[in-house]
Amino acid sequence: MSTFTTMQLDALRELANIGSGTAGTALSQMLGRSVDISVPNAFVLPLGQAVEAVGPPEQEVTGVAIPLAGDMDAVVLLVFPVEDAATLAGMLGVEAGTEDAVSALSEIGNILSASYIGSLGAMTGLELDLTPPQTVTDMLAAIVATVLASRAAGTDTALILDSELRVEGEQCSLSFLLLPEAGGVREILSRMGVEA
Amino acid sequence: MTIGAEIAVRMGEIAVSGNPADVLVSLGLGSCIGLAVVDQRHGIAGLAHIMLPEALAGDGPIGKFADRAVPELVERTTALGASRPMLKAVLVGGAQMFALDSSGALDIGARNDTAVREALRKERITVVAAETGGAKGRTIRVVPGGAVLSKEAGGAEIVLMQGVRA
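Once a new chain begins, its residue numbering starts again from 1 and follows that chain's sequence as written. Whichever chain is written first becomes A and whichever ligand is written first becomes 1, with later ones labelled in order. Confidence filtering applies because this is a predicted model: local features only for residues at pLDDT of at least 70, side-chain atom pairs given and counted only at 80 or more, and all residues used for totals across whole chains, interfaces and linings. Hydrogens and water are ignored here; the side-chain numbers use all heavy atoms of the structure.

(A) Layout of the overall build of chain B. Within chain B, the regular secondary structure consists of two helices and ten strands. Put simply, chain B runs from its N terminus to its C terminus through helices and strands in the order β-β-β-β-β-α-β-α-β-β-β-β. The globule rule used here is 2.2 Å times the number of residues to the 0.38 power, and the radius of gyration it is set against is calculated over C-alpha atoms. For chain B, whose C-alpha radius of gyration is 15 Å, the value lies close to the compact-globule estimate of 15 Å for 166 residues. Its C-alpha atoms put chain B at 50 × 35 × 25 Å along the principal axes. Only heavy atoms enter the contact rule, under which two residues are in contact if any of them lie within 4.5 Å. Looking at chain B alone, contacts between residues at least 24 apart form 61% of all its contacts between residues at least 6 apart. Surface accessibility in these figures is a Shrake-Rupley result with a 1.4 Å probe; residues are shielded only by whichever protein chains are displayed. Surface exposure of chain B reaches about 7100 Å², of which carbon and sulfur atoms provide 52%. For the charge count, each Lys or Arg is scored as positive and each Asp or Glu as negative, with His and the chain ends excluded. In plain terms, the charge of a residue is placed at NZ if it is Lys, CZ if Arg, CG if Asp and CD if Glu. Distance from the positive charge centre (17 side chains) to the negative charge centre (17 side chains) of chain B: 3 Å. Strands are runs of DSSP state E lasting at least 2 residues, helices are runs of H or I lasting at least 4, and numbering of each runs from the N terminus.

(B) Looking closely at helix α2 (residues 47-54) of chain A. All names here are of chain A. Within the span of α2, buried status applies to Leu47, Gly48, Ala50, Val51 and Val54. In a view along the axis of α2, the buried residues occupy a sector of 165°, so they form one face of it. Buried-residue contacts for α2 involve β2 (41-46), α5 (140-149), β7 (157-167) and β8 (173-180). Throughout this description, buried means an accessible area under 20% of the type-specific maximum (1.4 Å probe, protein chains only), exposed means over 50%, and partly exposed covers the range between. To obtain the arc, one takes the directions from the helix axis to the C-beta atoms.

(C) Summary view of the side chain of Thr77(B). With respect to the secondary-structure elements, Thr77(B) resides in helix α1 (residues 66-79). Those residues in contact with Thr77(B) that lie beyond four places of it in its chain are Val16(B), Val37(B), Ile44(B), Ala45(B), Gly46(B), Ala82(B) and Leu87(B).

(D) Quick peek at the interface of chain B and chain A. Counting residues at the interface gives 29 residues for chain B, matched by 30 residues for chain A. For the pair chain B and chain A, the two sides together bury roughly 2400 Å², of which 64% comes from carbon and sulfur. Salt bridges are defined by distance alone: a side-chain nitrogen of Lys or Arg within 4 Å of a carboxyl oxygen of Asp or Glu. Counting every contact that joins chain B to chain A gives two salt bridges. A salt bridge links Arg10(B) to Glu52(A), with the shortest nitrogen-to-oxygen separation between them at 3.5 Å. Under the rule applied, a polar contact is a pair of N or O atoms within 3.5 Å (in protein, one hydrogen donor and one hydrogen acceptor; residues adjacent in sequence only if both atoms are side-chain atoms). Run the count over chain B and chain A and you get six residue pairs in polar contact (both at pLDDT 80 or more). Taken together, the elements giving at least two residues each to the side of chain B that touches chain A come down to β3 (23-29), β8 (138-142) and β9 (148-152) of chain B. The class makeup of the residues in the side of chain B that touches chain A is 15 nonpolar, seven polar and seven charged. Buried surface area refers to the total accessible area, computed with a probe of radius 1.4 Å, that the two partners give up upon joining, counted for both partners together. Under this grouping Gly is polar, as are all residues other than the nonpolar Ala, Val, Leu, Ile, Met, Phe, Trp, Tyr, Cys and Pro and the charged Asp, Glu, Lys and Arg.

(E) The sheet that holds strand β7 (residues 126-132) of chain B, seen in detail. All names here are of chain B. Spatially, five strands are ordered β2-β5-β4-β6-β7 in an open sheet, and the strand pairing comes out mixed. If you trace the sheet from one side to the other, it starts and ends with β2 (14-17) and β7, each paired once. Going across the sheet, the axis of each strand differs from the next one's by a mean of 15°, ignoring polarity. Sheet strands touched by α1: β2, β4 (33-39) and β5 (44-50). Its angle to β5, the strand with the most contacts, is close to 165°. Strands are treated as partners if at least two bridges between them are detected by DSSP. Axes, fitted as lines to C-alpha atoms, cover a helix only where it is in contact. Angles between the N-to-C directions of the axes lie from 0 to 180 degrees.

(F) The pattern of salt bridges, seen in detail. Across all of its chains, the model carries 14 salt bridges over all chains by this definition. Notably, a salt bridge pairs Glu164(A) with Arg166(A), separated by 2.5 Å at the nearest N-O pair. For Glu164(A), a relative accessible area of 28% gives the class partly exposed. For Glu13(B), the salt bridge goes to Arg10(B), with nearest N and O atoms at 3.1 Å. With relative accessibility at 23%, the residue Arg10(B) sits in the partly exposed group.

(G) Summary view of the side chain of Asn19(B). By secondary structure assignment, the location of Asn19(B) is in the loop between β2 and β3. Among the polar contacts made by the side chain of Asn19(B), one reaches the main-chain amide nitrogen of Ala21(B) at a distance of 2.9 Å.

(H) Spatial organisation of unusual backbone geometry. A positive phi angle is found at Arg124(B), which is not glycine, with a value near 60°. Positionally, Arg124(B) belongs in the loop between α2 (108-122) and β7.

(I) Looking closely at the confidence of the model for chain B. Residue and element names in this part refer to chain B. In predicted models, pLDDT denotes the confidence assigned by the predictor to each residue on a 0 to 100 scale. Mean pLDDT for chain B: 91, with 92% of residues reaching 70 or above. Highest mean pLDDT in chain B belongs to strand β6 (residues 88-93) (98); lowest belongs to strand β10 (residues 157-161) (94). Across the predicted assembly, pTM comes out at 0.91 and ipTM at 0.89.

(J) Molecular detail of the packing of aromatic side chains. All names here are of chain A. Ring pairs are drawn from Phe, Tyr and Trp, using the six-membered ring of Trp, whenever the two centres fall within 6.5 Å, and their geometry is named by plane angle: stacked under 30 degrees, edge-to-face over 60, tilted for the rest. In total, this model carries one aromatic pair over all chains according to the counting rule given. Their ring planes at 20° and their centres at 4.3 Å tell us that Tyr116 and Phe176 sit as a pair that is stacked. Here Tyr116, found in helix α4 (residues 99-124), pairs with Phe176, found in strand β8; they are 60 residues apart in sequence, far enough to count as distant. The exposure classification of Tyr116 matches that of Phe176, with both residues buried.

(K) Quick peek at the sheet that holds β8(B). Residue and element names in this part refer to chain B. The five strands lie next to each other as β1-β3-β8-β9-β10, forming an open sheet whose pairing is mixed. With one partner strand each, in any of the chains shown, β1 (6-8) and β10 form the two edges of the open sheet. Going from strand to strand, the sheet's axes swing by 25° on average, the running direction of each strand aside. The pairing of β8 with β9 spans five bridges and is classified as antiparallel. Bridge assignment links Arg138 to a residue of β9, and that residue is Glu152.

Right, dumping it as structure tokens:
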């Protein structure tokens, strides 16, 4: 079972902080509104507990999953409660629940991930590319568990970097999760000079 | 009247019960499989929340991989008093929600489904009902009295196995 020191978790949290700050700026520019960014959480949990740490298992959410390619194997996952996804679609001038709304959310996922991953790459020197976003609406647990399972063959713990972005003056928030595969986490830590 | 509990069976976990008032539940299965084995006559059931087809290396939670979880689930239900020839299996989950597998192999949900059925065949346990595949997440609920229920995201609960007592 892999564990991290407090210093390593702080380094990862700082990475998430800067990444989500950049993503928040991108979202704010896109919408022309202020966006608040929470202090990110860095969880290292057994797989069974990781899903519950993200939110209520049966909550209906829209998830945009963006697998990364390059120096680190990881998946970026944006999670919008369905009502908030609808609000966001409205702000972008598309009707909720339509194909257009799905592509708008996918595009938001793309832009936010590119900002987040861009700053992560700049800080660590890792070459990271985004692959096309995949967007589904389903139970939160089903989405998070499926993403975790796709990277879980060699590990029994999950590292989740979780930031929340909130659009000011609207009931609209989203969670931004980075779910790296175990080898990916070691790579990040060694680039930041805090390897075990 | 027996006091029962809702027992959450999370990723990689296995739980068994012989209390007719209990409910074993795995919420929000995506590519994972919720495998229920039930001995209706003795009112004993078990649920495994299986993530992946087969163990590659290391140990990990016993319920994580189909090849190790299935024999363990059978072992625990029979240890609680279930009769092995009476055990019937119900599968829920194994959806393909995303195409995320970086190796380009077949989707995990379908491979999980195949691996669980193969492991059940080795144990000579019959699959009496299944709600697998597709693209939607599901929740499985198992009552040791015999009922097995499945609910898709945004859908109604369906009965995959009737309980012996209403």
